[in-house]
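# Understanding the architecture of this molecule
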Amino acid sequence: DLIRNGAHPGDVDVKLSKQGHKIDREVISLYLLTRDPRPDMFALICKIEVLLHGLVKKTLEVGYGDRWWRKGIPEPTRKKCQLRKEEDMTPLDEPYHYTNFVDLKSIIETDWRLFSIALPKALATNKPNTLQRLQRVNAIRNQIMHPVKEISGYENDYRFARKFLADFDHQLWRVSDVQPVQEL
């Protein structure tokens, strides 16, 4: 975890020494310099994606009941998901599984009234910042998932993604505060 959090070689050396390991600082520096950060970032992005998919769906289900797909998902997103499912050689059972970060951002943005109740308070009070953070995590995801793109700013991106995951933690969501949406 120390290495993943962007620790300085000296910090890693001290921590390893306390654990009874003796590794030269130059070796640690070389490792930190040359390691591929993608596996750490991939795992973190997967956690974020699974968390958001689940909480967005749960919020929509509470708000719209069995009409969550039609009432909570914008029509263009529903159509894209259906098309992605149709094009998948081994399709998943429901089209919602084909939403991506941009779709989730669109869903949250479109139904901000509902999500401002469900999101953690710190995120619900600042819509532009929350949407910008969703956009940034999508950019980080694309950089990690498309390995031909050069990784730059890994340490900052990793810290950002860790903070994002902490801020969007499922325990902070207030889905139970959401009331069913009444149709007019």
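Now for a quick tour of the structure. In this text, all values refer to a predicted model and were calculated from it rather than measured experimentally.

Rules used throughout
Residues numbered from 1 in each chain as written. Predicted model: local features only at pLDDT ≥ 70, side-chain atom pairs only at ≥ 80, totals over all residues. Heavy atoms only, no water. Helix = DSSP H or I, 4+ residues; strand = E, 2+ residues; numbered from the N terminus. Buried < 20%, exposed > 50% of the residue type's maximum accessible area, 1.4 Å probe, protein only. Contact = heavy atoms within 4.5 Å. Areas by Shrake-Rupley, 256 points an atom, 1.4 Å probe, with all protein chains shown as cover. Phe/Tyr/Trp six-rings, centres within 6.5 Å; stacked < 30°, edge-to-face > 60°. Salt bridge = Lys/Arg side-chain N within 4 Å of Asp/Glu carboxyl O.

The next point concerns the overall build of the chain. When its secondary structure is counted, the chain shows 10 helices and zero strands. When the helices and strands of the chain are read in sequence order from the N terminus, they spell out α-α-α-α-α-α-α-α-α-α. For the chain, buried positions account for 42% of its 184 residues. A fraction of 66% describes how many contacts in the chain between residues 6 or more apart in sequence connect residues 24 or more apart. Carbon and sulfur atoms form 54% of the exposed surface of the chain, whose accessible area is close to 11,000 Å².

Once that is clear, we can look at the packing of aromatic side chains. Throughout the structure, instances matching the rule amount to four aromatic pairs. Ring centres of Trp68 and Trp69 lie 5.8 Å apart, and the angle between their planes is 80°; on these two criteria the pair is classed as edge-to-face. Just as Trp68 is buried, Trp69 falls in that class too. Ring centres of Phe160 and Phe164 lie 6.2 Å apart, and the angle between their planes is 40°; on these two criteria the pair is classed as tilted. On the criterion of helical spacing, the pair formed by Phe160 and Phe164 is a turn pair, its members being four residues apart in helix 10 (residues 154–167). Comparing Phe160 with Phe164 shows no difference in burial state: the two are buried. Linked through ring pairs, Trp68, Trp69 and Tyr96 together constitute an aromatic cluster.

Across all of its chains, the model carries 10 salt bridges by this definition. Here Asp103 ties to Lys80 by a salt bridge, and the two come within 3.2 Å at their closest N and O atoms. Taken together, the residues Asp103 in helix 6 (residues 101–110) and Lys80 in helix 5 (residues 75–87) connect sequence positions 23 residues apart. The exposure class of Asp103 is buried, given its relative accessible area of 1%. When the shortest N-O distance is used, the salt bridge between Asp103 and Arg84 registers 2.6 Å. Of the two residues, Asp103 sits in helix 6 while Arg84 sits in helix 5, which places them 19 residues apart along the sequence. For Arg84, a relative accessible area of 24% puts it in the partly exposed group.

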